[in-house]
Amino acid sequence: MRLDIANTLTVVQSLAPASRTATGNGTGVDLRDYSAAVAIIDTGTAGGTSPSFTFELQESDDNSTFTAVANADLIGTEPVITTSNDVAVYELGYLGSKRYIRVAITAVSGTSPTLLCSACVVRGKPRYAPAA
């Protein structure tokens, strides 16, 4: 028997694909009616001299006031991207209880740092799903 996951997962963009040079906040993703979520961070080439970028998963009750997700509510480690680990895909599982999450990026160091990247949130385990 084949299992259909297309009807039990939804993918929502948080950080649109772009060349990042500074701090940026993704769009909040509503987790209402879902019991699981994972953030997927897709990074391209890091440019500039000694570039360093950090990603952070943030949560909110109201899609307005966001705070960092506690490490205890993460599966995985928030990546710090340099030229030694760019061009990769990173996953961050969310175990928290807030309604909204988003991905944020910060340019930490370097001269003229740039990073091609995007991030989306995959929502799973919907409370209401088609019968199997």
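Refer to the structure presented above.
Note that the structure is predicted; figures quoted are calculated from it, not measured. Just so you know, the residues in each chain are numbered from 1, in the order the chain's sequence is written. Where local features are concerned, this predicted model is filtered to residues with pLDDT of at least 70; where side-chain atom pairs are given and counted, the filter is 80 or more; whole-chain, interface and lining totals use all residues. Side-chain metrics rest on all non-hydrogen atoms present in the structure, leaving aside hydrogens and water.

Before going further, it helps to examine the packing of aromatic side chains. Two numbers describe a pair of aromatic rings. These are the distance of the centres and the angle of the planes. Pairing of aromatic side chains requires ring centres within 6.5 Å, counting the rings of Phe and Tyr and the six-membered ring of Trp. Pairs whose planes differ by under 30 degrees are stacked, by over 60 edge-to-face, and all others tilted. Applying the stated rule across the entire model yields 0 aromatic pairs. Charge-over-ring contacts are defined here by two conditions on Lys NZ or Arg CZ: a distance within 6 Å of the ring centre and an angle within 35 degrees of the ring normal. For the cation-ring pair, Arg102 lies above Phe66, with the distance from its terminal atom to the ring centre recorded as 4.0 Å.

Another aspect to go through is unusual backbone geometry. The phi torsion at Val87 lies on the positive side, around 50°, for a residue other than glycine. Segments assigned H or I by DSSP are reported as helices when at least four residues long, segments assigned E as strands when at least two residues long, and all are numbered from the N terminus. Here Val87 lies in the loop between strand S7 (80-81) and strand S8 (88-94). Given the relative accessible area of 57%, Val87 is considered exposed. A positive phi is found at Lys125, a non-glycine position, where the angle reads about 50°. Relative accessible area decides the class of each residue, using a 1.4 Å probe on protein chains only: under 20% of the type maximum gives buried, over 50% gives exposed, and in between gives partly exposed.

Looking now at the side chain of Thr43. Mapped onto the elements, Thr43 comes out in strand S4 (residues 34-60). In this structure Thr43 comes out as buried when scored by relative accessible area, which is 3%. Thr43 has contacts with Phe55, Ile81, Asp86, Val87, Ala88, Tyr90, Leu115, Leu116 and Cys117, leaving out every residue within four places of it along the chain. We call two residues in contact when some of their heavy atoms are within 4.5 Å.

Before going further, it helps to examine the nonpolar core. Definition used in this section: a nonpolar core is a set of buried Ala, Val, Leu, Ile, Met, Phe, Trp, Tyr and Cys residues joined via side-chain atoms within 4.5 Å. Grouped together as the largest cluster of nonpolar side chains are 23 residues, with contacts concentrated most on Phe55, Leu57, Val103 and Leu115. The set of elements that each furnish at least two residues to this core consists of S4, S8 and strand S9 (100-126). Setting aside residues up to four positions removed in sequence, Leu57 forms contacts with Ala39, Thr67, Ala68, Val69, Leu74, Glu78, Leu92, Tyr94, Ile101, Arg102 and Val103.

Opposite charge on two side chains permits pairing when their charged atoms draw close. Each reported salt bridge corresponds to a side-chain nitrogen of Lys or Arg within 4 Å of a carboxyl oxygen of Asp or Glu. Tallied over the full model, the rule gives 2 salt bridges. The partner of Arg99 in a salt bridge is Asp30, and the shortest N-O contact between them spans 2.8 Å. Taken as a pair, Arg99 in the loop between S8 and S9 and Asp30 in strand S3 (residues 29-30) lie far apart in primary sequence, 69 residues in all. A relative accessible area of 33% means that Arg99 is categorised as partly exposed. Note that Lys98 and Asp61 form a salt bridge whose closest N and O atoms lie 3.2 Å from each other. Here the residue Lys98 occupies a position in the loop between S8 and S9, and Asp61 occupies one in the loop between S4 and strand S5 (67-68), the gap between them amounting to 37 residues. Taking relative accessible area as the criterion, Lys98 reaches 29% and is therefore assigned partly exposed.

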